[in-house]
Amino acid sequence: MRHFTHLKDLTPEEIQSILRQARIWKTVPPDHIFLNKILAMVFFNPSLRTRLSFEAAMLRHGGHAIALEVGSGSWNLEIESGAIMNSNKPEHVREAVPVISRLADIVGVRSFSLGLSHEEDDRDSVIHAFKSLSSVPVISMESAREHPCQGLADMLTIQEHFEELRPKVTLAWAPHIKSLPKAVPHSFLLSASAMGYDITVAHPPGYELATSVIKEAQNLSQRSGSRIRFSHNLDSAIQDTQVIYAKAWGPSSPLAAPLDTLTSWMTHERHLKLADPKSIFIHCLPVRRNVEVHDSILDSRQCKVIDEAENRFHIQRALIHFLLSHS
Amino acid sequence: MRHFTHLKDLTPEEIQSILRQARIWKTVPPDHIFLNKILAMVFFNPSLRTRLSFEAAMLRHGGHAIALEVGSGSWNLEIESGAIMNSNKPEHVREAVPVISRLADIVGVRSFSLGLSHEEDDRDSVIHAFKSLSSVPVISMESAREHPCQGLADMLTIQEHFEELRPKVTLAWAPHIKSLPKAVPHSFLLSASAMGYDITVAHPPGYELATSVIKEAQNLSQRSGSRIRFSHNLDSAIQDTQVIYAKAWGPSSPLAAPLDTLTSWMTHERHLKLADPKSIFIHCLPVRRNVEVHDSILDSRQCKVIDEAENRFHIQRALIHFLLSHS
Amino acid sequence: MRHFTHLKDLTPEEIQSILRQARIWKTVPPDHIFLNKILAMVFFNPSLRTRLSFEAAMLRHGGHAIALEVGSGSWNLEIESGAIMNSNKPEHVREAVPVISRLADIVGVRSFSLGLSHEEDDRDSVIHAFKSLSSVPVISMESAREHPCQGLADMLTIQEHFEELRPKVTLAWAPHIKSLPKAVPHSFLLSASAMGYDITVAHPPGYELATSVIKEAQNLSQRSGSRIRFSHNLDSAIQDTQVIYAKAWGPSSPLAAPLDTLTSWMTHERHLKLADPKSIFIHCLPVRRNVEVHDSILDSRQCKVIDEAENRFHIQRALIHFLLSHS
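Let me sum up the structure you'll find in this document.

The rules we used
Residues numbered from 1 in each chain as written. Chains lettered and ligands numbered in written order. Predicted model: local features only at pLDDT ≥ 70, side-chain atom pairs only at ≥ 80, totals over all residues. Heavy atoms only, no water. Helix = DSSP H or I, 4+ residues; strand = E, 2+ residues; numbered from the N terminus. Least-squares fit on C-alpha atoms with pLDDT ≥ 70 in both. Contact = heavy atoms within 4.5 Å. Buried area = accessible area lost by both parts, 1.4 Å probe. Salt bridge = Lys/Arg side-chain N within 4 Å of Asp/Glu carboxyl O. Polar contact = N/O pair within 3.5 Å; in protein donor to acceptor, adjacent residues only side chain to side chain. Nonpolar A, V, L, I, M, F, W, Y, C, P; charged D, E, K, R; others polar. Pairing = 2+ DSSP bridges. Axes fitted to C-alpha atoms, helices over the stretch in contact; angles between N-to-C directions. Phe/Tyr/Trp six-rings, centres within 6.5 Å; stacked < 30°, edge-to-face > 60°. Buried < 20%, exposed > 50% of the residue type's maximum accessible area, 1.4 Å probe, protein only.

1. Notes on unusual backbone geometry
In the segment running from Leu-285 of chain A into Pro-286 of chain A, the intervening peptide bond is cis, with an omega of 0 degrees. Assignment of secondary structure puts Pro-286 of chain A in the loop between β11 (280–282) and α11 (295–298). Positive phi outside glycine occurs at Glu-163 of chain B, with the angle close to 45 degrees. With respect to the helices, strands and loops of the structure, Glu-163 of chain B is situated in the loop between α6 (148–162) and β7 (168–173). Despite not being glycine, Asp-240 of chain C shows a phi value in the positive range, around 65 degrees. The topology assignment puts Asp-240 of chain C in the loop between α9 (234–238) and β10 (243–247).

Take a look at the structure:
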């Protein structure tokens, strides 16, 4: 049985094969490949885009999706072994997960960072508990450490524009009014490293990505021939790049400059002009216009964010098929 | 591509044709007319009856419905162009709507009045933003200005009783404990005007319907031969009428008598006696018994509110089919 | 037309026949027995396990389920006849239920005890209102008095282990941090009485089950040959038993010892040793580990709680088929 909760659950060859399948089915959709199959989607955090794209993938092909919105706190799951369960967590994953996996063919889990510590985010305890206890495949719909379906949808979007080339890509930190989790930039870095791209990550000092993720990306880059650089200068990081990926995330250090002093990091039309003339702009959405990214980019013909969101559907269809076929 | 968010989206001939289709399929249901089609229902406001009737229409015929309950405030959408998005609205309709319409075949939107102003209600900004940005048909599940599916379901209910006749209908303002929006009475007035009925709208002074809606109804009535009168006297408005439609709505003027002083406007069995002996009573539901309408009407054999609610299903099935066929 | 909201809605022969059907279909699943059928699930109280098992039963066999989450207070239904509806209950069951039953083929209702009084729980007004007003079968997804689908799933679990034997079963009261409703223990007692089992109910003084339920169980036991005993001693109640069913519920008397003084009632591995060596342990879930039941039981091979939860699906599939076949 196979799961897909972190990029390393797939070999580089499997990643390529899933991207290939996603592109083929985008042109010629398959028939009822999920006939009578049920995806149980367990949401610890709310979702619209993710839910719609996963549910549509099942429904379009004869399958079904059941959304269990456990909400923030309404149905907390205990994950510690041996816990005396007298707190506000009425059910243990040791019961919840086996029951769900008896009734579904595949289980999706969304469980964001609790903001406790980098170590806790890196451990990703909730999603690992699901993996260890489920009798059917588990697929991540974003966890504390990674958002691997988003990462692969990003790669599909890049491949559609640059085919077999290995473009120069820039992950550009963006301002925001909140300190957001790092799962999305982590997955972009990991996926682009596996693809062999030439990657520059630009962010202000004190906004470093997780050390363990950088190390994993560097290992992937050695095998793929990828190159990873880090920069504190947005303009030079974008110079001649072919893909600009803007994304906000929170500080890694208490010494980092506060979010509201970093407005110069908002990507703007003038950044597009520094990049390769054939460059594309992507972002996982939702995007705060004129805070993270200026209208002049989002409304340009180089902006591919809608295609990128649609590609979530295509990647997830190929992934679910892969997981069900290997069970 | 066709949308249905306001009555004027359909010609009078198209309205008649949809009513005809709804009646035919009520007797002989069609087969899998929505095979593999997905309706994405975006709820800015909660719903039970509307959700159930739309979802059932898709499911009964091979299709699917995905409910996205964006709730009040949980996922506010920015609609202003050029906005600096540093408020509590994390996503712009310019991204949200194109993404939803890439994954669904038709989009339903429910977005009530925000109670800001009559002008804002009349503009119906949210639903117009969906129409302008969607690549698939948009259908209203009630907006600030109109509830056009309810309006057509009301007409279907009247047609079932009076066939080709053009009955005398009375829209009777009703008391309530809250100041309700006017979308439902607006849609009744517009639909009945398009049908050529003889309409009396009765309400207390200061409870006028929107001027732009009245003007639109008068234009429709000139083409259909309909007649529209307004009255401040409930008894005389009901005299000899064949259809009583009771409905509560809020004041249009700060000088209007307060809601709790208008209890004499509750419709009662004695009003049925003023009406034509073959008259029917309808109401869009939910109805507050013994506040808006007395038990003696709701439990009478002239009361057709359950048929009327069921007709939501029949009208929406015909409408969705019409919209999908013209895309 | 048949409903299933309380155990007495079925004859003992029908109960046996449904258990038989559930076991056969567990081995050889039926085909599209619910083709195009719609189950409307009305949740006055939230649910995960119940929703998943009901929805899966419909989806696996060509049918559909629509979940209407009316939440706690968000859509209160008035049930009193003649009420003047000026409170926070905007809709009367006299409208809501007929409308739902026009659009669905079967209606599920979950409506917990409001904690007002034993008499009110016993009356089960909400679910009786649904039964009297629905034009399609009504199935309980747990009400104030009973959780009859859970009761039958418990019997199926016992039958799988003891076949035609009539085992000695013990319902063992368990500690909890909250005063829980009695619907689950009531349904276990009633179902086991109908099956002819040898039943011991063990609980602290002041934690009696409802008198009317005990009386109904005694009537059933006279026909089935069942034997019912009550005990205040957990150890002796478990001695040589073949089925231990642990379950927390609240006090019936203000003189009962407070919940937090009764920790010695937590079932533990040492209780398993008092029981028959081939005994099984069951619990309806969710279970608070090391509060209601010790890890040493829940992680033992005698613990069948996951099978029991899966059996909810099998029982409900057989029940829905039974109800639809008799409509």
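2. As for the relation of the copies chain B and chain A
The operation relating chain B to chain A is a screw motion whose rotation component is 120 degrees, with 0.0 Å of axial translation and a residual RMSD of 0.0 Å. What the rotation and shift describe, once combined, is the action of a three-fold rotation axis.

3. Digging into the interface of chain B and chain A
One widely used convention gives an interface's size as the accessible area the parts lose upon coming together. At the junction of the two partners, chain B supplies 30 residues and chain A supplies 27 residues. Summed over both sides, the interface of chain B with chain A buries roughly 2600 Å², with 61% coming from carbon and sulfur. At the boundary of chain B with chain A, the tally comes to six salt bridges. When the shortest N-O distance is used, the salt bridge between Arg-289 of chain A and Glu-95 of chain B registers 2.8 Å. Between the two partners, chain B and chain A, sit 13 residue pairs in polar contact (both at pLDDT 80 or more). Put simply, the parts of the chain that give the side of chain B that touches chain A at least two residues each are β1 (38–43), β2 (64–69), β4 (91–92) and α3 (93–103) of chain B. Of all the elements, α3 of chain B adds the most residues to the side of chain B that touches chain A, at seven residues. Looking at the side of chain B that touches chain A residue by residue, the class counts come to 17 nonpolar, six polar and seven charged.

4. Details of the sheet that holds strand β8 (residues 198–202) of chain A
All names here are of chain A. Read across the sheet, five strands follow the order β9-β8-β7-β10-β11 without closing on themselves; strand pairing throughout is parallel. The two strands at the open ends of the sheet, each matched to only one other strand, are β9 (227–231) and β11. Along the sheet, successive strands turn relative to each other by an average axial angle of 20 degrees, direction set aside. Pairing of strand β7 (residues 168–173) with β8 involves five bridges; the strand directions are parallel. Pairing of Leu-171 across the sheet is with Val-201, part of β8.

5. A look at the packing of aromatic side chains
Here the structure, examined in full by the defined rule, presents twelve aromatic pairs over all chains. These aromatic residues form a ring-pair network of at least three members: Trp-173, Tyr-207 and Trp-265 of chain A.

6. As for the pattern of salt bridges
Under the counting rule described, the total for this entry stands at 61 salt bridges over all chains. The salt bridge involving Arg-145 of chain C is made with Asp-122 of chain C; its shortest N-O contact spans 3.1 Å. Taken together, the residues span a long stretch of sequence, with Arg-145 of chain C in the loop between β6 (138–143) and α6 (148–162) and Asp-122 of chain C in helix α4 (residues 118–123) at a distance of 23 residues. Between Arg-270 of chain C and Asp-235 of chain C there is a salt bridge, with the nearest N and O atoms lying 3.2 Å from each other. Here the residue Arg-270 of chain C occupies a position in helix α10 (residues 269–274), and Asp-235 of chain C occupies one in helix α9, the gap between them amounting to 35 residues. Among the residues examined, Asp-235 of chain C registers a relative accessible area of 30% and is labelled partly exposed. Connected via shared salt-bridge partners are Arg-94 and Glu-95 of chain A together with Arg-289, Asp-295 and Asp-299 of chain C.

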